[in-house]
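These are the residues of each chain, in order.
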Amino acid sequence: MRKTLSFLSGAALAAGLLTSAASPAGAIDPTKGYNGICTGADALSGVTVVIDFQELDGNGGTAAPTITRCSPNPVPGSHRTGIKALQDAGISVAGVAQWGLGFVCRLEGRPSSTENIPRTGNPTYKEACVMTPPAQAYWGYWHATGAGSTWTYSSYGALNRNVVPGGFEGWSYSLNRTAGTNPAPGVTPTNPAVGPTNPTVGLSVNDLDRKITLGQTTSLTWTSGNATGVAAHAVSPATGGGSWTGAKTMPGGTQNITPTAKGTYTYTIRATGTGGTVYAIATLTVQ
């Protein structure tokens, strides 16, 4: 069956996906990324990662101030997932035993397995990272293009969503909140290098591992900023990957894709603005 996140709810819709084991709190890899918003050569190729611990800051006597860190792209021009952006920034990530490549449970070791998380109905709850975190206590996943000042709550996990170069990736701990009160990270996601004339665009395959079986349908989701036009640019190989042509809605949207042949397909989207033209790609394997 198709392995999307669309059938999940609550914490599942907002959480990202596991790719590495837990590390101690405060164990940011100093050889990766750097503190602050991306600047210089990384300003429009990297992405800024924000980790807002919210109520976890100071819980159990362990300080956890908000992290703002640039995640440079090791291969500028290539696409990266939200999880890869965390790794490139040196942020430690841990998931849950239930899912394998499941949902993000800890960032920089928080919440730890020993601290009390006062979730509704269980004031001494401790996160063991065995099953999906409860809807009352989990890491919410957000993103922004860098062109504005507001965050967008992600409906897809970080493993199957590509980041927008020059944009922001946000993680904010949600405790006893609802979908309408889930807190955005407390950092304004504005990149000074993304001026009012610089278009941005991102493209993602909405499937858990970017693989489907021939005959199945998946979808592509795009976001853009400062664009005067967005269009499907190409699919490679040119045949077999399904229909991907024409102008696309702004600032974003979703389109179903039904490939007609097995293979690995690369989809490219183009955004045009007064400051130039930019592209983004996403890859899907049809088995």
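Use the structure listed above.
From a predicted model like this one, the values you see are computed outputs, not experimental measurements. (Residues numbered from 1 in each chain as written. Predicted model: local features only at pLDDT ≥ 70, side-chain atom pairs only at ≥ 80, totals over all residues. Heavy atoms only, no water.)

Caption draft 1: Up close: the overall build of the protein. Of regular secondary structure, the protein possesses 2 helices and 18 strands. Going through the 287 residues of the protein one by one, you find that 50% of them count as buried. Within the protein, contacts between residues at least 6 apart in sequence are counted, and of these 68% link residues at least 24 apart. For the protein, the accessible surface area stands at approximately 11600 Å², while carbon and sulfur atoms represent 57% of it. (Helix = DSSP H or I, 4+ residues; strand = E, 2+ residues; numbered from the N terminus. Buried < 20%, exposed > 50% of the residue type's maximum accessible area, 1.4 Å probe, protein only. Contact = heavy atoms within 4.5 Å. Areas by Shrake-Rupley, 256 points an atom, 1.4 Å probe, with all protein chains shown as cover.)

Caption draft 2: Geometry of the state of the cysteines. Evaluation of the coordinates by the stated rule reveals 2 disulfides. Put simply, cysteine 38 and cysteine 70 are joined by a disulfide, and their sulfur atoms are 2.1 Å apart. Because the torsion about its S-S bond is 100°, the bridge between cysteine 38 and cysteine 70 counts as right-handed. Pair noted here: cysteine 38 is in the loop between β1 (34-35) and β2 (47-52) and cysteine 70 is in strand β3 (residues 67-71), with a separation of 32 residues, a long-range link. Considered together, cysteine 38 and cysteine 70 belong to a single accessibility category, that of buried residues. (Disulfide = S-S within 2.5 Å.)

Caption draft 3: Fine view of the pairing of β3. Burial analysis of β3 places 4 of its 5 residues in the buried class, which makes it a mostly covered element. Inspection of the sheet shows β1 paired to β3 by 2 bridges, in the antiparallel sense. When the bridges of β3 are listed, tyrosine 34 appears paired with cysteine 70. Across 5 bridges, the pairing between β2 and β3 is antiparallel. Along β3, the bridge assignment pairs isoleucine 51 with isoleucine 67. (Pairing = 2+ DSSP bridges.)

Caption draft 4: Structural detail: the packing of aromatic side chains. By the definition in use, this model includes 7 aromatic pairs. Where tryptophan 244 meets tyrosine 267, the ring centres are 6.4 Å apart and the plane angle is 90°; that geometry is what we call edge-to-face. Placement of tryptophan 244 in the loop between β14 (229-236) and β15 (247-248) and of tyrosine 267 in strand β17 (residues 263-273) is noted, with a sequence separation of 23 residues between them. Looking at tryptophan 244, the relative accessible area reads 3%, which means it is buried. Among the aromatic residues, ring-to-ring pairing joins Phe53, Trp139 and Tyr173 into one connected group. Taking NZ or CZ as reference, arginine 119 lies 4.8 Å from the ring centre of tyrosine 125, over its face. (Phe/Tyr/Trp six-rings, centres within 6.5 Å; stacked < 30°, edge-to-face > 60°. Lys NZ or Arg CZ within 6 Å of the ring centre and 35° of its normal.)

Caption draft 5: Local environment of the pattern of salt bridges. For the coordinates displayed, the defined rule picks out 5 salt bridges. Among the salt bridges present, the one from glutamate 55 reaches arginine 177, with a minimum N-O distance of 3.2 Å. Of the two residues, glutamate 55 is situated in the loop between β2 and β3 and arginine 177 in the loop between β10 (168-175) and β11 (200-205); the sequence distance between them amounts to 122 residues. Given a relative accessible area of 35%, glutamate 55 falls into the partly exposed group. One salt bridge in this structure joins lysine 84 and aspartate 88, with 2.8 Å as the shortest N-O distance. Of this pair, lysine 84 and aspartate 88 are both found in helix α2 (residues 82-88), 4 residues apart, which corresponds to roughly one turn of the helix. (Salt bridge = Lys/Arg side-chain N within 4 Å of Asp/Glu carboxyl O.)

Caption draft 6: Main features of the sheet that holds β1. Reading across the sheet, the 6 strands line up as β1-β3-β2-β10-β8-β9 and stay open at both edges, with mixed pairing between neighbours. This sheet does not close on itself; its edge strands, each paired only once, are β1 and β9 (152-153).

Caption draft 7: Spatial organisation of the nonpolar core. In terms of nonpolar packing, the biggest core is built from 26 residues, with Ile51, Leu86, Leu107, Trp139 and Trp171 touching the most fellow members. Listing elements by their share of this core, those giving two or more residues are β2, α2, β8 (137-144) and β10. Among the nonpolar cores identified, the runner-up in size contains 19 residues, and Trp244, Ile257, Tyr267 and Val286 belong to it. (Core = buried A, V, L, I, M, F, W, Y, C linked by side-chain atoms within 4.5 Å.)

Caption draft 8: Layout of the sheet that holds strand β16 (residues 252-257). Spatial strand order, β11-β13-β16: 3 strands in an open sheet with antiparallel pairing. Each end of this open sheet is capped by a strand with a single partner; those strands are β11 and β16. The mean angle between the axes of side-by-side strands here comes to 15°, regardless of whether they run parallel or antiparallel. Strand direction decides the pairing type here: β11 and strand β13 (residues 218-225), joined by 6 bridges, are antiparallel. Across the sheet, glycine 202 pairs through a bridge with threonine 223, a residue of β13. (Axes fitted to C-alpha atoms, helices over the stretch in contact; angles between N-to-C directions.)

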